[in-house]
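The chain contents come next:
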Amino acid sequence: AVLGYSWLPILANEGLQTGHFNLPVALEKLPNKYSMYSPEKILPQSPSSVKWIESHKGVFDIDVQAVSSVHTQDKTLEKFFALCYALEGRVTFPCRILGDKISESSVEHQLKLTLVCLSSASLEPLVLFLHPVLDKHFQLIVQPMLIAGQTVSFSQDAFESVVSIVTSLHNSADLCKDQHGRNCLLASYVYYVFRLPDTKREMLKSAPGANPACSEIRYNTMGRSSAVSVGSKLLQSRVLSTSNPNIAGTPTADDEEIKTILTPKLFHEELALQMVVSSGVGRENVFKYAWFFFELLVKSMTQFLCQVDKHEVSRRTRFSDRFKDDITTIVSVVTAEICSILHKQQKLATEAEHAEKININLAFFLYDLLSLMDRGFVFNLIRNYCNQLSIKLNSMSTLISMRLEFLRILCSHEHYLNLNLFFMSAASAPTSPCPSISSQNSSSCSSFQDQKILNMFDMSVEYRQQHFLTGLLFTELAAALDTEEEGIARVQKKAISAIHNLLCSHDLDARFTKPEVKTKIAALYLPLVGIILDAVPQLYDFTVADARGGKGRDDQEPTSPINHSIAMAIAGNPLSSLQKNSTLTTPSSLANKSYSVLSAETSRNLLICFLWILKNADQSLIQKWVLELPYGLLNRVLELLYLCVSCFEYKDKQYSDKMPSQVLQKSRDVKARLEEAYRGGAGARGDMIKRSRAPAGNERLSVVSDNLRWRKEQTQWRQANERADKSKADLDQEALISGNLATEANLIILDLLEIISQGISITDSKENALGGILKVLLHSLACNQSTTYLTHCFSTLRALLAKFGDLIFEEEAEQCADLCQRVLHHCSNSLSSIRSQGCATLYLIMRYSFSSISSFARVKMQVTMSLASLVGRSPDFNEEYLRRSLRTILAYAEEDEDMKQTAFPNQVVGLLRNLNSILSDTVKMREFQEDPEMLMDLMYRIAKGYQSSPDLRLTWLQNMAEKHGKRQCFTEAAMCLVHAAALVAEYLSMLEDHSYLPVGSVNFQNISSNVLEESATSDDILSPDEDGICSGRYFTESGLVGLLEQAADLFSRAGQHEIVNEVYKIVLPILEAHRDFRKLSLTHDKLKSAFESITQKGHKRMFGTYFRVGFYGSKFGDLNKQEFIYKEPTITKLPEISHRLEAFYGQCFGENAVVVIKDSIPVDERKLDPNKAYIQITFVEPYFDEYEKKDRVTHFEKNYNLRRFMYTTPFTLDGRPRGDLREQYKRKTILTTIHAFPYIKTRINVIQKEEFTLTPIEVAIEDMQKKTLELAVATSQEPPDVKMLQMVLQGSVGATVNQGPLEVAQVFLAEIPEDPKLFRHHNKLRLCFKEFIMRCGEAVEKNKRLIASDQKEYHQELKKNYGKLKENLRPMIERKIPDLYKPVIKIRSETRGSFHRSSFRKCETQTSVSQSS
C-alpha cells in the first residue's frame, strides 16, 4: 500500500547529492514540475489541498551513496576538472563553478589554489579518477595558457601537484605495491595509459573548419554546454576578419607572436626541467619516487621519437643539447642524493634501503637511455656516477655494492655485447635495432691482432677504454676481492653472481649459438681469468670438504686421522711438485695480506665462469698464453684446476643417505653427551666431539657455533626436508644435471691439461709443470667420475707416460705411487670398460718403468703398497673384479712380443703372485667387517707379517689409524702413527747420522713402551740403498715430522695432553735444526694449549674403561680359552659391552647358542655345553704395586701405560658369594697383558694371571682404609663440595648403616684374637679405626663451617651420631696387644754402628705378605 510521496533532486549546484536526508512525505500525488524544487520548500503554484504528513515535517530518512565514473563526488576534484574545462571549452566569463562565481582574472589563482589542494583530496575519488587527473596535469605542464591577455604557465604548479599525488599514493597503506615497492596504480598508468599530451588537437578542435575527428576528447568529465577556451577564443578572433566573421583575416606580426607564445613544449624536456628546478620537500619526493618520473621520461622520449620519426636519425641529434644538460644534472643530483644518505654516520636500515632503491631506479633509467640516446653520452653519465660515488663514499663495501648493483642492471641490456665492442668487425655483429654512430665507427678498435697475448688476460687501461661496461664490472670485482672489510663477503658474492649470470645469459642467448661468436665473447672475458688466478688464496677449499667425504659442516663424519693433502703439506713433500721451489701459494705481493675466504657457493660460481671462458676461448690463443706464462702463474693455473676437480665432483645421490647417517651419528654420541652432562660440560671427550663437528683442516673458514638452535637454515635436516618435498623425478633430474656438469667441467679441465702438456713439451721447465699436471689428473681419478671422462683421462695418462715416462719414474716417485694406487682402484671397477682402461694403463706403467730403469722394483713396491692401502681403506673395493684385472695384465705380459726376451714377464708374474696373496687377506677382513676388535687383530697380524717390509708395514699402520679414526678411537689412531714414526726413525738412523734425529725407536719410549717392537727393522733385514725399499714420501725427515704432528693432534683430541709434550720433544730438535721458526711458533702454541688444558681439566678428564673378556667353546675357533682386556669408551657400563658382544656373536652363532656368564668365578670347562659359546665379562681396574703408586701421581699417570689389571671376587668357604663379616673372604685376581694400554688396538691378550686371597679381617682392613681415604679426599677437596662431604660423612657415622664401621669393630676388635698370627692384623685394624675416627672428626668440623642456617639441625644430628660412634669405639681402639711391642730383633752392641736398620713398616709388610702367602 502507498503511504505517501516524496522526492530528492539528484543534482544540486552541479553536483550529486549524497549522504543522509530527512524528507517530508505528501499524502497525495505531486503536481507537475515538482522535481525542479526541493521537497523541503512548499511548491509554488501547488494546490493548497496537498496534504503533508505532520505538517510538512521530515519523517522519511534516506541515505544516498553514488557509484559513478562521471562524477567525482569530491569538491576539490570537481573544481579542478571544472577549471580545466573552463580553460579548454566555450565558457563565457564570469562563470559559476560549484556555486562560486569565477571571473576570467581569477582563473589562474583558483587553478593554482586547486592544484595545491589536490594532494589533500579524498584518496578514494583520487584513485578512481587518477588517469584523467594525471592527464590534465601533464596537459598543464606542456601547454601555456593565455588568460586575460597574459601568458600563464602552470608547469611548475602542475608538476608539484603530480609529486604530491605520487607521494600520497605511495604513503597509503591501503594501496598495493609490487615487489619493488612501486605503487601498482602508477606503474600501470605509465605502462598502459600514458601518452604524450596532444596539444595541437586541443588547440584546433574548436576552430572553424576543423576536422571533427581532430576534436577527439579523451575524457569527458562532466556534461556541459559547449564553450570555447580563453586561448582558443582569442586565437579565433585573430584568425577571423573583424568586419566579416565569414572572411579570414590577414595574419600580422602580433599573430605570429601569439602563436609562438602558445606553442606547446615538449613533454620530456619540460619534465626533465621541472625535475631539475624542483626544490624543498618536492625535490626530496621526486628522487624518493624517482622510478615514476624516470619511467615517464623514458616513455615520453620513446613516443616523441615515434611521432617525429626520429628513430632512424643519428642518436646525437635526436634530443636537444638543453635536454641533455638536464639529464646530466638529474643523474648528478640523484647520485648526490644517494651519497648523502649513505654518508650518514648513523643511518636507519630504511634509509639504506631507500638509497639502494634510488640507485636501482637510476640504473634502469640509464639502461633505457642506452636504447634511446647517444651511447657515448650515456657512458659519460655512467662514468660520472662512478666517480661521484668514489669521491663521496668512505666505506668500500658500500661503495662497491652500490656500483655493482648499478652495473649489474646496465649489463643486463639486450645489446650488452655490442655496447662492449666485442666483435672484431662490424660485419660480424648482430644488427642492432638502434645503431649508434659511435659504436659503429669504433668497433674495429677491439681487434686483438696487435696485442700481446698476456696483455689480453690483464685489466689494462686500453681494455677498460675499449670495453667500457665489462671493464667497470671487472674493476668492481677486483676491488671487492682485494678488500678486507666487514660485510665484504656479501659484496663479493654479488659481484661474482653478476658475472656468472651474464655468462649464463650469453650461453642461453639464441643469437650467440655459433662457436665463432662464443669464441669472441670469451675473448671479451679473458681478463677475468687473471682476476680469478689472483684470487686463488681466497677460494673455498673444496679439497678439505672432499677429505671429509663431502659432508656438511654441521653433520660431518669424524675427520680421517690421515688426510693426505695435509700430511703432504706438513711433510714438505706434496703429491706434486706444485709446492717445490715455488713461492706461488704466497707470492710476495700477497704474503703479508689477509683475505676473507669466499663461501662454497660463491667460489663455485667463480670457477664456473673460469671454466666457461676456457671452454669457449680460442684454443690456439690459450696455447700461446700457456707458453708465455711464467712458472709461477702456470703453477697457479694448475692449482686452480685441482680446486675445480674437487668443486665439481659428482656426489652420486649421497644426499639421500645423509639423514640416516646423521641419526646414526647422534646415537653414537649419546654416551659422550651423558659424560659431558656428568662432568659439567668440560673434559677432553667433549672438546673432541665439538672439534669433530667443526670444519677440520680449513682454518680459513669462519666457524659458527653449533649450539645456536635458531640457525636452522644451516642444519642438515633442513636440507633433507627440502629434498624430501621434491618428487623422485625432480631428484633424478637434479642428479642428471649434477652428473652432466661434473663431466663437462672435468672434460674442460682435461682439455686445458692437454694444452699445457703440449706446450711444456718444448719448454725448459717441463719437469716442474709435469708434477702439477699429474697431481690434477690423479686427483680427478680419486673423485667420482663418469665413464666418458675416465676413458679420456686414461688416454691422457697413457700419452703422458709415453711422452714423459723417464721424468715420471725418476723425478716423480711420490706421484708415481699415487698413480699406481688410483689406477689399481679403477681396476676393481664394476664396469668392464673402465677396468680395461685401468688394466692397459697399469700395464704401461710397469712396461715403461722397466724400459726406463731396467728394473721396476720401485713400481712393484708401489703397486703392492697401493693394493695394501686399498684393502685396508676403500669401502667399495671389489676383490673379484680386481682378480679379473690381474689376469688381464698377465695376458698382456704374456702376449707382448717386444718384452718376451726380457725378464719383464717373469717379474710381472712375481708381482701378481704377491698381489693375489694380499687379496686373500681381504677375504678374512670382509668376514670380520662387523667385529671391530677381530678386524683390528687381523690387520695387526698382517702388519706384523710385513715387519721386514717397512713400506708395507707403514701402509698397514696407516690403514689401522684410518679404522680407529672412524670409530673415534683417537688414542689408538695416534699410537698407530707413533709406531709408523718410530719405523721411519729406525730407517733414518741407518741412513743418516744427525744429532737432532731420534736414534731409532728407543727415543719413543716415553710415549709408549710398545714402540720398541719397531726396532726389529734393522740393517740385517733391509738395506736402505736397495731400490724400491723405503722410497715412500714418509721416509724422510719431513715425513717423520708430519706423522708426529698428526699423532700429536690426535692425542690432543683424545685428551692425552701430557703425551703431546713427549711427541713434540722429538719434533722440536728437527724443526730447530731446519730453522723452521714458523712451525716452531705453531708448535709452542700447541704446547701451551695442551698445558692449559691439563691445568684447567686435570682430574676431570675421563679415560677408557677396561673389561676382562674370556671366550670359551669350540665355536670361537682360535679365540677359545683366550682372555683379553678390552678398552671401551669412557663410562661404558658392564651391561653395554655385554649386550654388544652377545648381540654380535648371537648373529654369528645363533641367539640361543651364546651364553654370557654373569659372575667372575673361574670357569669350569667340564660343565660347559660344547654346542654353545660362552663369554665371561668382568669389569677390571688398573693395578699398581706400592712402588708404582709413588711414581704415578697424577690422574693421567694412573690411566696411561697400563699392563696390569685387577678384579675382585667375594666368596665364603661354603661356596656362597656373600656372608657375614666373620666369614667373608675376597679373592683378588691380577691380569698382565702382553702390551701396555694404550696400544695400536683396543684389545690385548692376557699372558699372566695372579691370584691371592684376603681373610675376613684383611677384607675389613681394606674396607676401612677405603672409607678413611674417601673421608680424607672429601675433607681436603678444593673448592669444597658440601654435598659430597655430607654423603660420605653420613655413610660413615650414620646410625642406620648396615655392616657399618661400628659393626666391623664389634666383630673384629671386641676381643683379642687367640691366634698370635692375627695380632698384627688386629692391631692394623685398630689403627685404621683410630685414623678413621679422626677423619670423621675433621669432616664434622668442616661441615660445620660450610653449612647454611637451614642445615644446622642436620649437622647436630651428624655430630650426635659421630659422638656416639666415637664413644662406642673408644674402648676397642685404646685396647692394645702387649706382645706386639716387644723387640722383634735383638741388636748386639758390637754391630750397632754397621747395621742398616729396616723400618718397622717394611718389616710389617714383609710379615703380612708371608702370612698371606
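Residues numbered from 1 in each chain as written. Predicted model: local features only at pLDDT ≥ 70, side-chain atom pairs only at ≥ 80, totals over all residues. Heavy atoms only, no water.

**Digging into the overall build of the protein**
Step number 1: Along the backbone of the protein there are 54 helices and 15 strands.
Step number 2: Counting every atom, the protein has about 68,800 Å² of accessible surface; 51% of that belongs to carbon and sulfur. (Helix = DSSP H or I, 4+ residues; strand = E, 2+ residues; numbered from the N terminus. Areas by Shrake-Rupley, 256 points an atom, 1.4 Å probe, with all protein chains shown as cover.)

**Looking at the packing of aromatic side chains**
Step number 1: Applying the stated rule across the entire model yields 38 aromatic pairs.
Step number 2: Aromatic side chains Y843 and F904 sit 5.8 Å apart centroid to centroid with 65 degrees between the ring planes, which places their arrangement in the edge-to-face category. Highlighted residues: Y843 in helix 37 (residues 832-853) and F904 in helix 40 (residues 904-927), separated in sequence by 61 residues. Taken individually, Y843 and F904 each receive the classification buried, so the pair is uniform in this respect. (Phe/Tyr/Trp six-rings, centres within 6.5 Å; stacked < 30°, edge-to-face > 60°. Buried < 20%, exposed > 50% of the residue type's maximum accessible area, 1.4 Å probe, protein only.)

**Examining the pattern of salt bridges**
Step number 1: All told, the structure shown has 43 salt bridges when counted by the stated rule.
Step number 2: Close ionic contact of R1166 with D1164 constitutes a salt bridge, the shortest N to O distance being 3.2 Å.
Step number 3: Of the residues examined, R1166 reaches a relative accessible area of 76% and is grouped as exposed.
Step number 4: Salt bridges linked by common partners bring E933, R967, E1128 and R1140 together as one network. (Salt bridge = Lys/Arg side-chain N within 4 Å of Asp/Glu carboxyl O.)

**Points about unusual backbone geometry**
Trans is the prevailing form of peptide bonds, just as negative phi is the prevailing case for residues other than glycine.
Step number 1: Note the cis peptide between F1237 and P1238, where omega equals -5 degrees.
Step number 2: For P1238, the position within the fold is in the loop between strand 14 (1225-1237) and strand 15 (1243-1254).
Step number 3: Each neighbour pair has its own omega, and for E1278 with P1279 the value is -10 degrees, a cis peptide bond.
Step number 4: Of note in the backbone geometry, S55 takes a positive phi value of approximately 55 degrees without being a glycine.
Step number 5: Tracing the chain through its elements places S55 in the loop between strand 3 (19-24) and strand 4 (58-64).

**Side note on the nonpolar core**
Step number 1: Residues F292, I382 and F1004 are the most contacted members of the largest nonpolar core, which totals 298 residues.
Step number 2: The element best represented in this core is helix 43 (residues 970-991), accounting for 15 residues.
Step number 3: Discounting residues that sit within four places of it in the chain, I382 has contacts with L366, F406, L410, F468, L469 and L472. (Core = buried A, V, L, I, M, F, W, Y, C linked by side-chain atoms within 4.5 Å. Contact = heavy atoms within 4.5 Å.)

**Considering the packing of helix 50 (residues 1282-1293) against helix 52 (residues 1319-1346)**
Step number 1: Viewed as axis vectors pointing N to C, helix 50 and helix 52 meet at an angle of 140 degrees, and their least axial separation amounts to 10 Å. Looking at the two axes, helix 50 sits oblique to helix 52. When you trace helix 50 past helix 52, the crossing you get is left-handed. For the pair formed by helix 50 and helix 52, the contact residues are V1282, L1285, Q1286, L1289, S1292 and V1293 on the first element and F1332, C1336, A1339, V1340, K1342, N1343 and L1346 on the second.
Step number 2: Split into classes, the residues belonging to the contact of helix 50 with helix 52 amount to nine nonpolar, three polar and one charged. (Axes fitted to C-alpha atoms, helices over the stretch in contact; angles between N-to-C directions. Parallel < 35°, antiparallel > 145°, perpendicular 65-115°, else oblique. Left-handed = near helix turned anticlockwise from the far one by under 90°. Nonpolar A, V, L, I, M, F, W, Y, C, P; charged D, E, K, R; others polar.)

**Thoughts on a nonpolar patch on the surface**
Step number 1: Among the surface-exposed residues, V999, V1002 and L1012 lie close enough to one another that they form a single nonpolar patch of about 240 Å² accessible area.
Step number 2: Taking the relative accessible area as the measure of exposure, V1002 reaches 41% and is therefore partly exposed. (Patch = residues over 30% accessible without salt bridge, like charges linked within 9 Å, V, L, I, M, F, W, Y side chains within 5 Å.)

**Describing the side chain of E1128**
Step number 1: Counting through the fold element by element, E1128 comes out in strand 10 (residues 1122-1128).
Step number 2: Looking at E1128, its side chain comes within polar contact range of the side chain of R1140, at 2.9 Å.
Step number 3: Not counting chain neighbours up to four residues away, the residues in contact with E1128 comprise E933, G1104, T1105, F1107, I1137 and R1140. (Polar contact = N/O pair within 3.5 Å; in protein donor to acceptor, adjacent residues only side chain to side chain.)

**Quick look at the environment of H826**
Step number 1: Locating H826 in the fold gives a position in helix 36 (residues 813-826).
Step number 2: With sequence-adjacent residues up to four places away left out, H826 is seen in contact with L781, L790, F794, I834 and R835.

**What to know about the environment of L1358**
Step number 1: Structurally, L1358 is set in helix 53 (residues 1352-1374).
Step number 2: Filtering out sequence-adjacent residues up to four positions away, L1358 remains in contact with L1289, Q1290, V1293 and N1343.

**Examining the pairing of strand 15**
Step number 1: With three bridges connecting them, strand 10 and strand 15 associate as antiparallel partners. Of the residues in strand 15, the one forming a bridge with F1124 is N1245.
Step number 2: Bridge count between strand 14 and strand 15: eight bridges; the pairing is antiparallel. Residue pairing for strand 15: R1227 is matched across the bridge by T1253. (Pairing = 2+ DSSP bridges.)

**Considerations on the pairing of strand 9 (residues 1105-1112)**
Step number 1: When you tally the buried positions in strand 9, you get eight out of eight residues, the bulk of the element.
Step number 2: Of the two faces of strand 9, the one carrying T1105, F1107, V1109 and F1111 and the one carrying Y1106, R1108, G1110 and Y1112 are both buried.

**Quick notes on the confidence of the model for the protein**
Step number 1: Of all residues in the protein, 77% attain a pLDDT of 70 or more, and the chain-wide mean is 77.
Step number 2: Mean pLDDT across the secondary structure elements of the protein bottoms out at helix 8 (residues 230-239), with 39, and peaks at helix 26 (residues 600-616), with 93.
Step number 3: Note that residues 201-251 has pLDDT below 50 and, in this model, 68 contacts with residues that lie over four places away or in other chains. (pLDDT = per-residue confidence, 0-100.)

**A word on helix 13 (residues 321-342)**
Structural remark: α-helix, 3.6 residues per turn; residues separated by three or four positions point the same way.
Step number 1: The terminal C-alpha atoms of helix 13 lie 32 Å apart, and with 22 residues this matches the ideal 32 Å at 1.5 Å per residue to within 8%.
Step number 2: The complete set of buried residues in helix 13 reads F323, K324, D326, I327, I330, V331, V334, T335, I338, C339, I341 and L342. (Expected span 1.5 Å × (residues − 1).)

**Side note on the packing of helix 23 (residues 526-534) against helix 26**
The relative placement of two packed helices is expressed as an angle between their axes plus a distance between the axes.
Step number 1: Interaxial distance between helix 23 and helix 26 falls to 10 Å at its minimum, and their mutual angle equals 135 degrees. When the axis of helix 23 is compared with that of helix 26, the two are oblique. The two elements helix 23 and helix 26 meet at a crossing, and its hand is left-handed. Mapping the contact onto sequence places L526, L528, V529 and I532 in helix 23 and L606, C609, F610 and I613 in helix 26.
Step number 2: Along the lines of polarity and charge, the residues of the contact of helix 23 with helix 26 split into eight nonpolar, no polar and no charged.

**A word on helix 4 (residues 130-142)**
Step number 1: Between its first and last C-alpha atoms helix 4 spans 19 Å; for 13 residues at 1.5 Å apiece the expected length is 18 Å, and the two agree.
Step number 2: Counting buried residues along helix 4, 12 of its 13 residues qualify, which places the element largely inside the surrounding structure.

**With respect to the environment of I1257**
Step number 1: Here I1257 shows up in helix 49 (residues 1256-1276).
Step number 2: On the basis of relative accessibility, which here comes to 9%, the residue I1257 falls in the buried class.
Step number 3: In this structure the C-alpha to C-alpha distance between I1257 and V1307, which are 50 residues apart in sequence, comes to 9.3 Å.
Step number 4: Setting aside its immediate chain neighbours within four residues, I1257 contacts F1308, L1318, H1321, H1322 and L1325.

**What about the state of the cysteines?**
What we call a disulfide is simply a covalent bond connecting the sulfur atoms of a pair of cysteines.
Step number 1: Applying the stated criterion across every chain, the model contains zero disulfides.
Step number 2: Of all cysteine sulfurs, the one in C827 lies closest to C839, which takes part in no disulfide; the gap is 4.4 Å.
Step number 3: Judged by its relative accessible area of 1%, C839 falls in the buried class. (Disulfide = S-S within 2.5 Å.)

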